[in-house]
Structure formats: C-alpha cells, structure tokens
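# Residue-level structure breakdown
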Amino acid sequence: MRTIDLEALLIFRTVVSEGGVNRAAEKLHRVPSNVTTRIRQLEEYLGVRLFRRDGRSLSLTAEGRTLLNYATRLLRLADEAVDELRSGKPQGVFRLGSLESTAGSRLAPILSRFHEEHPGVVVELVTGTTGALLKAVRNFEIEAAFVSEPFTAPELEALPVFREELVLITPLATGPVRDAKDLGRLTMIAFTHGCSYRRRLDEWLGSENVTVERVLEFGSYQGMIACVAAGTGFAVVPQSVLGALQAADKVRQHKLPAHIAENRTHLVWRGEASLALEGLISMLRAESPEEMPADVH
C-alpha cells in the first residue's frame, strides 16, 4: 500500500462501526482474513497501531480515533463528489473566503441569490486578510476567496468583481488632511500585516517619509471605526463599509490620492473550478457586480 485509498478507509470505518472484523467482513461481503490483512497493511503504512486487541474485542487507540475522524470526513466528501457528478448540480459544502469588508458590505445579496439558485450547496464563509486568504486558497483549505489589490498570485485564477473607493477617516474634530505628513503624530488604526488596504496605507506614508508613532491593530471594521470616532487616530477603510455600518456621520472622511483610493476586489481560485464555484463565477459575471451599489440588500 503506497498511499491510503478510500477502500482501506471504508474497511477501517466498517470494522469500527460493526465492532469487529467478522461483522465488518459480513457487511462488506468479504472474508475475515481479507479484512484483517487490509487493516494490518494500513497500520504498517501509517506506522501506528489502530486497534487494541483484547481477546475477541477491539478498541481504538488514540491514533485510531484520529484516523476515524479523517476517514469519516474523506468518505463523506467522496460521497458528495459522486452525488454532485451524478446529479450535474452543485452539492455539499462550498468553503469560501472573504475580506471582512467584502463580507459585511457586498456578499449578503450575492450569497442569498446563490442559495436560491443552488439550494444543495452549504456555503461556509471564512474571513481574513488578503495574505491569509491567498495562502488558504493555495493550500486548498478554501476553494475560492474575495481578496483585494494589491496582491501577487500568478498561480491562481482571478476575476475582478468589485470596485472599491478607499477613504481616510479621522475623528470629527480633526482638521483637513492635506497630505500624509499631517498624520505623522497620530495613531494608525489598522488590521494586522497581510491586509492589502494596510499595505496601500503603508506605501503612501512611506512615499512621504512619514513614520507613525503608534499602531493599534484590530480584527474588525466596527472596532476600527469606533476607535477613530472616539478620537484615537486614523484609518483607511472602503467607503462601502462606512455605508453598510451607517458610520459615515461618526467620522470625518478625507480623499486619498487616486492611486491609493481606487481599488478592486477579485475572486481568486486555484485549478479547475467545482460545479459550485462555476455557479458563483457565472452569477458574478452575469450580474456585473463591479457596477452594483454596496448597499443593495
């Protein structure tokens, strides 16, 4: 056995569920010696004991319990793949990544329509920074993700889907911000490194030789905007987020240079798209969401 195949996992899971080799062999229409041999080969390949043998009874080792968890998931995925391919319709779990700003201001109407068109698909949404989402797509931890410019991922397919305008926000009491030098003594409020919007902000400040004295890192736009509104510092956010959170009147907005403000969000994926992903891509292309207002619900 050079690798773990689904048949070996099925035999292993059946031995566990039936409570022994003989009953598993009967259910699988095999002879007991064949089942015993397959389990032994699996243990030899993994280099661990999967069962404790006490007379005629078997119990799982800690390693066996770990394998059972993976076997259950892999066999379920295999069943979902068969169902999807036979039906010709998307089925099962679709793991999708998104920037928090995109999830909060853009995705609700899109995912609602997607669910109407593909009721057999369960969308699991994961949020993160562009850097984290790109890594997850590369590692096949998620199937696709909405990420923001700038990013470099030549091995991934990319479809531009939204236009965003980034704005600088400060407390209401702050005066006009004419250039980046006016921010030098203020606190920068941002996501952690890996956020493409923070990268744009860092590049703008760096081009003006501005070094901020302090940085506060947050994990949500609600927290960032609340902190700015409280007078703590400044941040860069998509204007669509201010509208979605009804926060435009709580902070002062300042225009950014065009090369910083103008931004696009892309859907990225790796390799051949599944039926579920093909459905999402077709819907996005047909509805041209780059032109959709962010507050459509």
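Right, let's walk through the structure included here. What you are looking at is a predicted structure, and each value in this text was computed from that prediction instead of being measured. (Residues numbered from 1 in each chain as written. Predicted model: local features only at pLDDT ≥ 70, side-chain atom pairs only at ≥ 80, totals over all residues. Heavy atoms only, no water.)

Those residues of helix H9 (residues 221–229) that sit buried are Tyr221, Met224, Ile225, Cys227 and Val228. Angular distribution of buried residues about the axis of H9 spans 160°; they occupy a single face of the element. Positive backbone phi, at 100°, marks glycine 231, one or two positions downstream of H9. (Buried < 20%, exposed > 50% of the residue type's maximum accessible area, 1.4 Å probe, protein only. Helix = DSSP H or I, 4+ residues; strand = E, 2+ residues; numbered from the N terminus. Arc of directions from axis to C-beta.)

Here we come to the pattern of salt bridges. Using the criterion set out here, one finds 17 salt bridges in the structure. Among the ionic pairs, arginine 138 bridges to glutamate 155, the shortest N-O distance being 2.2 Å. Of the two residues, arginine 138 sits in helix H7 (residues 130–138) while glutamate 155 sits in the loop between strand S5 (144–148) and strand S6 (157–170), which places them 17 residues apart along the sequence. Here arginine 138 falls in the partly exposed class, since its relative accessible area comes to 26%. Ionic contacts of the salt-bridge type, sharing partners, join the residues Asp5, Glu7, Arg30 and Arg38 into one network. (Salt bridge = Lys/Arg side-chain N within 4 Å of Asp/Glu carboxyl O.)

Attention shifts here to the packing of helix H2 (residues 21–28) against helix H3 (residues 32–46). Across the interface, H2 lies against H3 with an axial gap of 8 Å and an inter-helix angle of 110°. Taken together, the axis directions place H2 and H3 in an arrangement best described as roughly perpendicular. Contacts between H2 and H3 pair Val21, Asn22 and Ala25 from the former with Pro32, Val35 and Thr36 from the latter. (Axes fitted to C-alpha atoms, helices over the stretch in contact; angles between N-to-C directions. Parallel < 35°, antiparallel > 145°, perpendicular 65-115°, else oblique. Contact = heavy atoms within 4.5 Å.)

The next point concerns the packing of helix H6 (residues 107–117) against helix H12 (residues 275–287). Where H6 contacts H12, the two axes come as close as 11 Å, and the packing angle between them is 125°. When the axis of H6 is compared with that of H12, the two are oblique. Handedness of the H6/H12 crossing: right-handed. Contact with H6, carried on its side by Ile110, Arg113, Phe114 and Glu117, involves Ala276, Gly279, Leu280, Met283, Leu284 and Glu287 of H12 and no other residues of that element. Considered class by class, the residues forming the contact of H6 with H12 number six nonpolar, one polar and three charged. (Left-handed = near helix turned anticlockwise from the far one by under 90°. Nonpolar A, V, L, I, M, F, W, Y, C, P; charged D, E, K, R; others polar.)

Below, the discussion takes up the pairing of strand S1 (residues 51–54). As defined by bridge partners, S1 adjoins strand S2 (residues 57–60) across four bridges and the pair is classed as antiparallel. Looking at S2, one finds that phenylalanine 51 is bridged to leucine 60. Between the end of S1 and the start of S2, which pair antiparallel, lie two residues, with glycine 55 showing a positive phi angle near 70°. (Pairing = 2+ DSSP bridges.)

Moving on, we come to the nonpolar core. Of all hydrophobic cores here, the largest spans 44 residues; its most connected members are Ile169 and Leu205. Counting residues per element, this core draws most heavily on H9, which supplies five residues. Once residues lying within four places of it in the same chain are set aside, the contact partners of isoleucine 169 are Ile225, Val228, Gly233, Phe234, Ala235, Val237, Leu242, Val251, Arg252 and Gln253. Core analysis: the next-biggest nonpolar cluster, separate from the first, contains 20 residues, Phe94, Phe114, Val121 and Leu280 among them. (Core = buried A, V, L, I, M, F, W, Y, C linked by side-chain atoms within 4.5 Å.)

A word on a nonpolar patch on the surface. A surface patch of nonpolar side chains, about 380 Å² in accessible area, is lined by Leu6, Tyr70, Leu74 and Leu77. No other element matches helix H4 (residues 62–87), which puts three residues into the nonpolar patch. Its place among the elements puts leucine 6 in helix H1 (residues 6–18). With relative accessibility at 44%, the residue leucine 6 sits in the partly exposed group. (Patch = residues over 30% accessible without salt bridge, like charges linked within 9 Å, V, L, I, M, F, W, Y side chains within 5 Å. Areas by Shrake-Rupley, 256 points an atom, 1.4 Å probe, with all protein chains shown as cover.)

Given a rise of 1.5 Å per residue, 13 residues ought to cover 18 Å, and the 18 Å separating the end C-alpha atoms of H1 matches this to within 8%. If you check which residues of H1 are buried, you get Ala8, Leu9, Ile11, Phe12, Thr14 and Val15. The elements touched by buried residues of H1 are H2, H3, S1, S2 and H4. Just past H1, the residue glycine 19 takes up positive phi, approximately 80°. (Expected span 1.5 Å × (residues − 1).)

Let us now look at the environment of leucine 96. Counting through the fold element by element, leucine 96 comes out in strand S3 (residues 92–98). According to the relative accessible area criterion, leucine 96 is buried, its value standing at 1%. When the C-alpha atoms of leucine 96 and leucine 277 are compared, they prove to be 9.1 Å apart, with 181 residues separating the residues in sequence. Apart from residues no more than four positions distant in its own chain, leucine 96 is found in contact with Leu111, Val123, Glu124, Leu125, Val126, Ala144, Ala145, Phe146, Leu267 and Leu280.

Let us now look at unusual backbone geometry. Residue proline 150 is reached from glutamate 149 by a cis peptide bond, and omega for that bond is -5°. If you trace the backbone, proline 150 turns up in the loop between S5 and S6. Even without being glycine, phenylalanine 140 reaches a positive phi, approximately 60°. Among the secondary structure elements, phenylalanine 140 is positioned in the loop between H7 and S5. Overall, the relative accessible area of 58% leaves phenylalanine 140 in the exposed class.

So, to be careful, I would describe these as geometric facts and stop short of saying anything about function.
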